[in-house]
Amino acid sequence: MGSAVSISAAEIAAGIGSTILAVQLLTPADPIGKTWQLVRQFRKQEKALTCNSDVNGGIDEYNRLHSADDADERNANYKSLVNSYYDLATLFYEWGWGQSFHFAYRHPHEDFGESIRRHENYLASKLGLSPTASNLKVLDVGCGIGGPMRNICKFTGADVTGLTLNQYQVDRGNELCVADPQLGTEKCRSVQGDFMRMPFKDSSYDAAYAIEATCHAPDRVGVYSEIFRVLKPGSIFACYEWCMTDAYDPKNEEHRRIKKQIEEGDGLPDICHTSVCLNALKEAGFEVLDARDMADDDFGASKGGKPWMLPLMPSWNPLTQRFQFNWFGYRMTNAFIYLLELLWLAPKGTVKTQRMLQQGAFGLSDGGITKTFTPMYLMVGRVPLNKKIAVMSVAEEKKEE
C-alpha cells in the first residue's frame, strides 16, 4: 500500500514563491514589478474616484445597476455605469493586460504585444491618412489610458486627441504621454468628455477611430452621429465594435448567460447585434466602406496562430496569466487580493471588483468559443463630401419616421 503524501502550508508557499520568481526571471511578464505598481496606485486611485467616495461604494452601486435584466436603467445612467466601471477596472486592466485595453488574434510566431500593435495599426491604415499626416488631427473615441493613441500617433505621425469619460483615465493617460520621450502631450493627449456630447466644434477632425469603446454608448446612432458631426467632409471613421453575432440565440439560456456575464464584467448597458451597429452607422450619415467580423479572419490557427480569447481561457501553466482562470488560480488570486485588503494595501471592495472582472472574462472566453460574441466587428465609414446635404437627408428621413 502506498503512503499518503502530506504537503505543508510552508511547502505550498515555497512552491508559489518559486513559481513567481521563475516567471520574474525567465519571462518578460515582470509580476513583481507590476504588482508593486498596482499596490502603489491603489490609494492614488481611490482619491481620484469620480462616482463614489470609495471603491466599496463604487462596486456596490455598479452591481446594483446590473442587478436587473432590463437594460433601461443602465442606459439611462450610462455615464455613472461607465465611470464606476473604469474607476474600478482601470488599474486591473493595466496590471494584467497593459496600456491597450482591447483584444487581438495572434498570427504564428507573433507575441501578445506585437498582435496588439498590429491590430491598432491595421485600423489606423483604414483612416486614409496622407503622407503629410503630421498636419492632420485624429480623434480617439473612448481612449482609455491611451495605449492605442500613443501607438497610432507614432505609426501615422498625426496629432491625436483621446476622449474618455473617466477623469482617472485622463490623468493616467496624460501621465504616460509625458513619460514617453518620443511623444509628450504636444503630439497626443487625453481630454475628459462624454462621447454622446463631445466638447469639440463641428468638422474639426480629419479622421476618427474607436477601439472596443462605443459599446459603452446607450445609443449607437447617437454616438456615431456625434463622431459624424466633429469630422470634416470626406473624413473616415473606423472602429472595432463589441457585438453579438448571428450565432447568438436569445432563447438559449447558455447564450443569455454569456451575454449577461460580458455586460456585467465589462461595464456595458447592453450588447447590440452586428446588424444594429451597421444600420446605426448608416443612419448617422456615413457611407459604409467596409464591415466584417475580423474574428472570422484566417490568422493561421493550423500553424500556431491564436484566437483573440486565448488570454482569457484557463491554463495550468503557472508561467502565464491564464493560470488565474483555472479553479485553483481563481481562488489564489482572490486570496491574494483579500490579503492586500486585510493589510490595508488595497481599498475595501477590491476583492469584489476582481471577482466582477473575472466573471466578465469567463463570459468573453465562452462567447469566443461559441462564436456568439465578437470584440472586433470592423466598420469603416466615410463622411460624404457634401456633408450638409447628407445631414439634411438624415434629418428628413427621421421626420418621415
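The structure reproduced in this document is the subject of the present report. None of these values were measured; they are calculated from a predicted model. Numbering of residues starts from 1 in every chain and runs along the sequence as written. Local features in this predicted model are restricted to residues of pLDDT 70 or higher, and side-chain atom pairs are both shown and tallied only at a pLDDT of 80 or more, whereas totals for entire chains, interfaces and linings draw on every residue. In computing side-chain properties, one takes all heavy atoms of the structure into account and sets aside hydrogens as well as water.

What follows concerns the sheet that holds strand E4 (residues 205–211). Two strands qualify as a pair provided that DSSP identifies no fewer than 2 bridges between them. A run of H or I in DSSP becomes a helix once it reaches four residues, and a run of E becomes a strand once it reaches two; helices and strands are each numbered from the N terminus. Spatially, E3-E2-E1-E4-E5-E7-E6 is the arrangement adopted by the seven strands of the open sheet, whose pairing is mixed. Each end of this open sheet is capped by a strand with a single partner; those strands are strand E3 (188–192) and strand E6 (287–293). Averaged over all neighbouring strand pairs, the angle between strand axes comes to 20°, with direction disregarded. Residue contacts are counted whenever heavy atoms from the two residues lie within 4.5 Å of one another. Note on geometry: axes are C-alpha line fits, over the in-contact stretch for helices, and angles between N-to-C directions span 0 to 180 degrees. Of the strands in this sheet, strand E1 (137–141), E4, strand E5 (231–244) and strand E7 (373–382) are in contact with helix H9 (residues 220–230), which crosses E5 at around 155°.

Further remarks concern the nonpolar core. Buried Ala, Val, Leu, Ile, Met, Phe, Trp, Tyr and Cys residues that are joined via side-chain atoms within 4.5 Å together make up what is termed a nonpolar core. Remark: exposure states derive from per-residue accessible area (1.4 Å probe, protein chains only) relative to the maximum for the residue type, with buried under 20%, exposed over 50%, and partly exposed in between. Grouped together as the largest cluster of nonpolar side chains are 45 residues, with contacts concentrated most on Phe103, Tyr209, Trp242, Ile262, Leu364 and Phe373. Only helix H6 (112–125), helix H7 (147–156), E4, E5, helix H10 (253–265), helix H13 (350–370) and E7 provide two or more residues apiece to this core. Among the elements that make up this core, the one with the highest residue count is E5 (five residues). Look past the residues within four positions of Leu364 in its chain and what remains in contact with it is Phe103, Trp242, Ile262, Asp266, Trp308, Met309, Leu312 and Phe373. In terms of nonpolar packing, the next biggest core, distinct from the first, is built from 31 residues, Phe195, Tyr205, Leu278 and Tyr377 among them.

Attention shifts here to the packing of H9 against helix H11 (residues 274–283). Between H9 and H11, the least distance of the axes is 8 Å, while the angle of their chain directions is 40°. The angle between H9 and H11 falls in the class oblique. Seen along the crossing, H9 lies across H11 with a hand that is right-handed. Counting all contacts with H9, which are made through Arg220, Val221 and Tyr224, the residues of H11 involved are Cys277, Ala280, Leu281 and Glu283. When the residues that make up the contact of H9 with H11 are grouped by side-chain class, the tally is five nonpolar, no polar and two charged. Note on terminology: angles under 35 degrees are roughly parallel, angles over 145 are roughly antiparallel, angles of 65 to 115 are roughly perpendicular, and the others are oblique. The handedness criterion is simple: a crossing whose near helix is rotated anticlockwise from the far helix by less than a right angle is left-handed, and one whose near helix is rotated clockwise is right-handed. Ten residues, namely Ala, Val, Leu, Ile, Met, Phe, Trp, Tyr, Cys and Pro, are considered nonpolar, four, namely Asp, Glu, Lys and Arg, are considered charged, and the remaining ones, Gly among them, are considered polar.

Next up on the list: the packing of aromatic side chains. In this scheme Phe, Tyr and Trp rings, the latter by its six-membered ring, pair at centre separations within 6.5 Å, and the angle between planes marks the pair as stacked below 30 degrees, edge-to-face above 60, and tilted otherwise. If you walk through the whole model with that rule in mind, you get 18 aromatic pairs. Between Trp242 and Phe373 the ring centres are 5.3 Å apart and the planes differ by 85°, which places this aromatic pair in the edge-to-face class. Highlighted residues: Trp242 in strand E5 and Phe373 in strand E7, separated in sequence by 131 residues. Neither residue differs from the other here; Trp242 and Phe373 are each classed as buried. Centroid distance Phe323 to Phe328: 6.2 Å. Interplanar angle 75°. Geometry classified as edge-to-face. Judged by relative accessible area, which is 14%, Phe323 ranks as buried. Grouping aromatic residues by their ring pairs yields a cluster made of Trp97, Phe103, Phe112, Trp242, Trp308 and Phe373. Sitting over the ring of Tyr205, Lys137 keeps its end group 5.0 Å from the ring centre. Counting as a charge over the ring demands two things of the Lys NZ or Arg CZ atom: a distance within 6 Å of the ring centre and an angle within 35 degrees of the ring normal. Over the face of the ring belonging to Phe228 we find Lys387, whose NZ or CZ atom lies 5.5 Å from the ring centre.

Moving on, we get to the packing of H6 against H7. For the pair H6 and H7, the least separation of the axes is 10 Å and the interaxial angle reads 60°. By the angle between their directions, the pair H6 and H7 is classed as oblique. Judged by the sense of rotation from one axis to the other, the crossing of H6 with H7 is right-handed. Of H7, the residues touching H6 (which contributes Arg117, Glu120, Asn121, Ala124 and Ser125) are Gly147, Pro148, Asn151, Ile152, Phe155 and Thr156. Residues that form the contact of H6 with H7 fall into these classes: four nonpolar, five polar and two charged.

As a further point, take H10. The terminal C-alpha atoms of H10 lie 18 Å apart, and with 13 residues this matches the ideal 18 Å at 1.5 Å per residue to within 8%. The residue sitting at the N-terminus of H10 and contributing the capping side-chain oxygen is Asn252; that oxygen lies 2.8 Å from the backbone nitrogen of Glu254. Two residues or fewer after H10 comes Gly267, characterised by a positive phi angle close to 65°. In a helix, the anticipated span is given by 1.5 Å times the number of residues less one. Polar contact is defined as a pair of N or O atoms within 3.5 Å, subject to the rule that within protein one atom must be able to donate a hydrogen and the other to accept it, and that residues adjacent in sequence are counted only when both atoms are side-chain atoms.

What follows is about the pairing of E1. Burial analysis of E1 places four of its five residues in the buried class, which makes it a mostly covered element. Looking down the strands as they point away from the viewer, one classifies a crossover as right-handed if the path from the first strand across the helix to the second runs clockwise. Of the crossover connections in this fold, the one passing from E1 over H7 to the parallel strand E2 (residues 159–164) is right-handed. Bridging between E1 and E4 involves three bridges; their strand directions are parallel. By the bridge assignment, Asp140 is partnered in E4 with Tyr209.

A few words now on a nonpolar patch on the surface. For patch detection, residues must exceed 30% relative accessible area and be free of salt bridges, and they are connected within 9 Å for like charges or within 5 Å for nonpolar side chains (Val, Leu, Ile, Met, Phe, Trp, Tyr). Every accessible area reported is derived by Shrake-Rupley at a probe size of 1.4 Å, with residue values counting cover from the shown protein chains alone. Counted as salt bridges are all cases of a side-chain nitrogen of Lys or Arg within 4 Å of a carboxyl oxygen of Asp or Glu. On the surface, a cluster of nonpolar side chains totalling about 500 Å² of accessible area is made up of Tyr338, Leu339, Leu342, Leu343 and Leu345. Its location among the elements puts Leu342 in helix H12 (residues 327–342).

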